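# Residue-level structure breakdown
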Amino acid sequence: MAMDEVPGSVGTSAGFALRMGQTIFSSASLLFMSLGVQFYSYTSFCFLVTIMGLVIPWSFTLALVDGYSVLVKCPIRQQGILLIIVLGDWVLSVLTLASACSTASVVDLLLRADGSYCPPKICSRYLISAIMAFLSWFLSVASFLFNLWLLPSL
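Here is what the cut-offs are and how they apply
- Residues numbered from 1 in each chain as written.
- Predicted model: local features only at pLDDT ≥ 70, side-chain atom pairs only at ≥ 80, totals over all residues.
- Heavy atoms only, no water.
- Axes fitted to C-alpha atoms, helices over the stretch in contact; angles between N-to-C directions.
- Helix = DSSP H or I, 4+ residues; strand = E, 2+ residues; numbered from the N terminus.
- Parallel < 35°, antiparallel > 145°, perpendicular 65-115°, else oblique.
- Left-handed = near helix turned anticlockwise from the far one by under 90°.
- Nonpolar A, V, L, I, M, F, W, Y, C, P; charged D, E, K, R; others polar.
- Phe/Tyr/Trp six-rings, centres within 6.5 Å; stacked < 30°, edge-to-face > 60°.
- Buried < 20%, exposed > 50% of the residue type's maximum accessible area, 1.4 Å probe, protein only.
- Core = buried A, V, L, I, M, F, W, Y, C linked by side-chain atoms within 4.5 Å.
- Salt bridge = Lys/Arg side-chain N within 4 Å of Asp/Glu carboxyl O.
- Contact = heavy atoms within 4.5 Å.
- Polar contact = N/O pair within 3.5 Å; in protein donor to acceptor, adjacent residues only side chain to side chain.

Bringing the packing of helix α3 (residues 79-112) against helix α4 (residues 120-150) into the picture now. Packing of α3 against α4 leaves a shortest axis separation of 8 Å and a crossing angle of 155°. Judged on the interaxial angle alone, α4 and α3 are roughly antiparallel. Every pair of crossing elements has a handedness; the one defined by α3 and α4 is left-handed. Looking at the contact of α3 with α4 residue by residue, the class counts come to 22 nonpolar, six polar and one charged.

This is how it looks when you write it as structure tokens:
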């Protein structure tokens, strides 16, 4: 397998699947967080909403680019563009991990505080939101690593 055929990198069908997964999990995380009316009371929840608001358009735009590249059978192999994608994936994956970890820790703290701060139904929504953010992070870091692997060969 040549280095320019890395599955999961930008312009491949596997890359398209990774980007769509990121978009779906980020949207689900944002949806579950927004269902609770008290998410703005906690900074980590606001942080998660902000980061998911950045990840969704980034991933969806790159999914469109990947889909177009697959349809016309012309993958993106320009070093400058790939460098921007790698840096964007790196920054957003770090921020996604940070927001997912902070949200999960606040939910854990709220659940252990005798339930007086957060009803179990609302806290479970927040927990599902954190889980979806972790899944989005996993796909994001995979995209980052595949594209980083491809970068030196260009």
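All right, on to the packing of aromatic side chains then. Under the definition given, this model contains three aromatic pairs. Plain terms: the ring middles of Phe39 and Tyr40 are 6.1 Å apart, the flat faces sit at 75° to each other, and that makes the pair edge-to-face. Looking at Tyr40, the relative accessible area reads 59%, which means it is exposed. Geometrically, the ring pair formed by Tyr42 and Phe45 is edge-to-face, given 5.3 Å between the ring centres and 65° between the ring planes. Taking the relative accessible area as the measure of exposure, Tyr42 reaches 23% and is therefore partly exposed.

Turning next to the nonpolar core. Ranked by internal contacts, the top residues of the largest apolar core, which has 18 residues, are Met33, Phe39, Phe45, Leu110, Cys118 and Tyr126. Contributions of two or more residues to this core are made by α2 (43-72), α3 and α4. Ranked by residue count, the leading element in this core is α2, at six residues. With ten residues, the next largest nonpolar core counts Leu62, Ile85, Phe144 and Leu150 among its residues.

Inspection of the entire model under this criterion finds two salt bridges. Put simply, Asp89 and Arg19 hold a salt bridge, and the shortest N to O gap is 2.6 Å. Remark: Arg19 occurs in helix α1 (residues 13-35) and Asp89 occurs in helix α3; sequence separation between them is 70 residues. Each member of the pair, Asp89 as well as Arg19, is classed as buried. Between Arg112 and Asp108 there is a salt bridge, with the nearest N and O atoms lying 2.9 Å from each other. One end of the pair is Arg112 and the other is Asp108, both in helix α3 and four residues apart, which spans about a single turn.

For the rest of this paragraph, the subject is the packing of α1 against α4. Running from N to C, α1 and α4 cross one another at 160°; their axes reach a closest spacing of 8 Å. With respect to each other, α1 and α4 are oriented roughly antiparallel. Crossing of α1 over α4 shows left-handed handedness.

So, about unusual backbone geometry. Phi at Lys73 takes a positive value of approximately 55°, unusual for a residue other than glycine. Here Lys73 shows up in the loop between α2 and α3. Judged by relative accessible area, Lys73 falls into the exposed class, the value being 72%.

On to the environment of Ser129, then. Residue placement: Ser129 occurs in helix α4. With a relative accessible area of 0%, Ser129 lands in the buried category. For the pair Ser129 and Leu95, spaced 34 residues apart in sequence, the C-alpha to C-alpha distance is 15 Å. Ignoring any residue separated from it by four or fewer positions in sequence, one finds Ser129 in contact with Ser29, Phe32, Met33 and Leu48. A distance of 2.7 Å separates a polar side-chain atom of Ser129 from the backbone oxygen of Ser29.

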